[in-house]
Amino acid sequence: MKFPTTIPLLDDMLNGGLKTGSSTLIWCSPFTEGTTLIYQLCASWLSRELPVLYFINTKTPEIVLEDSYQYGWSLSRYREEGLLCFIDSYSAAIGVESKERYVINDPEDQKEIVDVTYNAIRDFRARNCLFVVDSLSTLIDRFGEYVVDLLPELNRSIFLYDLVGVYLFTEWNYDPKLKEKISNICDNLVSIIPVERQVAISDVFTVKRRDGKSVEERIVPFKYVKPGGMRIYVPKILVTGPYNAGKTTVVHALSTRAVSVDRKGTTVALDFGHLEYKGFSADLFGTIGQQRFDPILEQLGGETLGVILVVDSTKPETFSRALEMLRKAKVYGLPLVVFANKQDLPRALPPEEVKERMRLPPEIPVVGTVATEKKNLLNGVETLLSLIFGMGK
Amino acid sequence: MEMASTSATPRELLKEILSELNRGAGIQSSAIVSRDGLLVASVMSEDVDAEAFAAMTATMLGAAETAFSELKKGVAERVIVEGSRAKIVAVGAGKDLILVCMSDPSVQLGLILHQIRRSVEKVKKVFA
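Residues numbered from 1 in each chain as written. Chains lettered and ligands numbered in written order. Predicted model: local features only at pLDDT ≥ 70, side-chain atom pairs only at ≥ 80, totals over all residues. Heavy atoms only, no water.

Enquirer: Help me out: how do you make sense of the interface of chain A and chain B in this one?
Expert: For interface size, the figure often reported is the accessible area lost on association. Taken together, the contacts link 27 residues of chain A with 24 residues of chain B. Here chain A and chain B share an interface that buries about 2,200 Å² over both sides, 66% of which is from carbon and sulfur atoms. Inspection of the chain A/chain B interface yields 3 salt bridges. For E51(B), the salt bridge goes to K223(A), with nearest N and O atoms at 3.5 Å. On the surface where chain A and chain B come into contact, there are 5 residue pairs in polar contact (both at pLDDT 80 or more). Of all the secondary-structure elements, those providing two or more residues to the side of chain A that touches chain B are β9 (188–197), β10 (200–210), β13 (229–240), β14 (257–263), β15 (266–277), β16 (280–286) and α10 (294–300) of chain A. Tallied by class, the residues present in the side of chain A that touches chain B amount to 16 nonpolar, 4 polar and 7 charged. (Contact = heavy atoms within 4.5 Å. Buried area = accessible area lost by both parts, 1.4 Å probe. Salt bridge = Lys/Arg side-chain N within 4 Å of Asp/Glu carboxyl O. Polar contact = N/O pair within 3.5 Å; in protein donor to acceptor, adjacent residues only side chain to side chain. Helix = DSSP H or I, 4+ residues; strand = E, 2+ residues; numbered from the N terminus. Nonpolar A, V, L, I, M, F, W, Y, C, P; charged D, E, K, R; others polar.)

Enquirer: What exactly am I supposed to notice about the pairing of strand β2 (residues 39–43) of chain B here?
Expert: Consecutive side chains of a regular strand alternate in pointing toward one face of the sheet and then the other. All names here are of chain B. Relative to β2, strand β1 (residues 27–34) runs antiparallel, the two being bridged by 4 bridges. Residue pairing across strands places I32 opposite A41, the latter belonging to β2. Linking β1 back to β2 in an antiparallel pair, the connection comprises 4 residues, with G37 at a positive phi of about 100°. (Pairing = 2+ DSSP bridges.)

Enquirer: What's the story with unusual backbone geometry in this structure? I'm lost.
Expert: The phi torsion of most residues other than glycine is negative, and most of the peptide bonds are trans. Residue and element names in this part refer to chain A. Between D134 and S135 the backbone carries a cis peptide bond, its omega angle lying at 5°. For S135, the location among the structural elements is in the loop between β7 (129–134) and α6 (136–143). Following K226, the chain continues to P227 via a peptide bond in cis, the omega torsion being -5°. Here P227 shows up in the loop between β12 (220–225) and β13.

Enquirer: What am I meant to see in the domain arrangement of chain A here?
Expert: Residues and elements named next belong to chain A. Each domain of chain A was delimited in the assignment, giving domain 1 (2–227) and domain 2 (233–389). Taken over C-alpha atoms, the centre of domain 1 sits 41 Å from the centre of domain 2. Between domain 1 and domain 2, the residue contacts involve 11 residues of the former and 9 residues of the latter. In this assembly, domain 1 and domain 2 are joined by 0 salt bridges. Every element with two or more residues in the side of domain 1 that touches domain 2 is listed here: α1 (8–13) and β12. Ranked by residues supplied to the side of domain 1 that touches domain 2, first place goes to β12 with 4 residues. Across the side of domain 1 that touches domain 2, the residue classes tally to 7 nonpolar, 1 polar and 3 charged. (Domains from an automatic or database assignment.)

Enquirer: How do you make sense of the sheet that holds strand β5 (residues 97–103) of chain B when you look at a structure like this?
Expert: Through backbone hydrogen bonds, the strands of a sheet pair up, either in parallel or in antiparallel fashion. All names here are of chain B. Strand order in the open sheet formed by 5 strands is β2-β1-β5-β4-β3, and the pairing between neighbours is antiparallel. Of all strands in the sheet, those bounded by a partner on one side alone are β2 and β3 (78–82). Put simply, the sheet's adjacent strands are angled 15° from each other on average, direction ignored. Where strand β4 (residues 87–93) meets β5, 7 bridges bridge the pair, whose relative direction is antiparallel. In the sheet register, A90 faces β5, and the bridge partner there is V100. Taken strand by strand, helix α3 (residues 109–126) contacts β1, β3, β4 and β5, and its axis lies near 30° from that of β4. (Axes fitted to C-alpha atoms, helices over the stretch in contact; angles between N-to-C directions.)

Enquirer: Honestly, the state of the cysteines in this entry has me stumped. Any pointers?
Expert: One way to say it: the disulfide is the covalent bond shared by the sulfur atoms of two cysteines. Residues and elements named next belong to chain A. Overall, the coordinates contain 0 disulfides over all chains when judged by the stated rule. Counting only cysteine sulfurs, C129 is the nearest neighbor of C85, a cysteine outside any disulfide, at a range of 8.4 Å. Left without a disulfide partner, C186 is nearest to the cysteine sulfur of C28, which lies 13 Å away. For C186, a relative accessible area of 2% gives the class buried. (Disulfide = S-S within 2.5 Å. Buried < 20%, exposed > 50% of the residue type's maximum accessible area, 1.4 Å probe, protein only.)

In structure tokens form, the structure reads like this:
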């Protein structure tokens, strides 16, 4: 069976989710964050009434519960019900008594760790249990490379007992040969790395291995939000178009929160809004329509990932200005969706005719919208997101 | 982008530079923003929408620079906004970046400018 992670593009890249009997390595570059993703997986398992077995050697189970609560996942109830069980290999190390079902009394004792873990795994056999190791790097730090040689057998047990294994690993300064070995040990390899595009630095994830085979890497930018957890993140969608086309209305209608600098209903600096939609998060930059502000448009066009071009469907005479704005912002050639706005007005041209009059290439989608009624806006956003991320390919 | 001789990532380093700046007299929060309005790093209280602040800062400085170049009076060095409850100072930090900080309204401008200048030099070194 396959279980979705509930993170949109990750599921796509894993062909639907995590398979029963499979092992997955979450590989984090230094200073990136993978534990939140682990919590999110736990929360999604538990919310489906599927059990979670959580091996922990980096903090106390209480901290896991507190941290995940900050992201909006209330997991304590599941621990009381016994659906969430910890293998506590941390408390004893700091001299705290542990009340967990599985406790490792001497975290320096390899044999005890192995024995307790295998007992726990057997207790949870045949239930599609998510088995988490947080973290593999801490085990390696304590016991050396030898730990890595134990993994194939652990993976075999995960396979035999129908669990879903997920290991968290942070790539500190380990021997390159060891890293190579670790990267090939699991069925799936999800990698979290920071990427610098010009000056903006954002974290991305990518799937490097799936079902034991290398796959073509697709890079997906994301951020963690509280509450909510991992969101696919588009730092900039440019909303542009001629004067009075309805850009500000579009930005505000799409945003959970937005700010604008305007005078008498006309934007004079910038509309800015956050969009949250189906696991995606995007920041919208609405530009100024009037020509005299074009220098600012040129400046704000940088590092755009996708463009919404808003035009007034009743004013075909402004269409050439719309295309000029794309050129000025230097965003021509980026993923683009045209909003043929004001479809509710009597003289509005239908989207197909707007497309024809603008002489747009056939692959550029034009959607008819009524921004004041929020009509069709999310359709347009969905189209743009699938263009940006090449979804459904 | 080459890094200075240190093992921390650019982002960590930038955050440290900002924390150091915030430790100075009267400065409450600060951020590094790309000229095109994206947040690069920030150290500010959680109730501030840092992304929106970044976008607006870039717009402010961009508008000031445009105004100056239209006047043919050289380049705009910085934007200073004196509010009733805060001062905001934004300065360019190299070709691509802006450093912006917010301080208590009573803090002397000269002091802020002095501190921010030192931080700008550090930021430039990170991306040197």
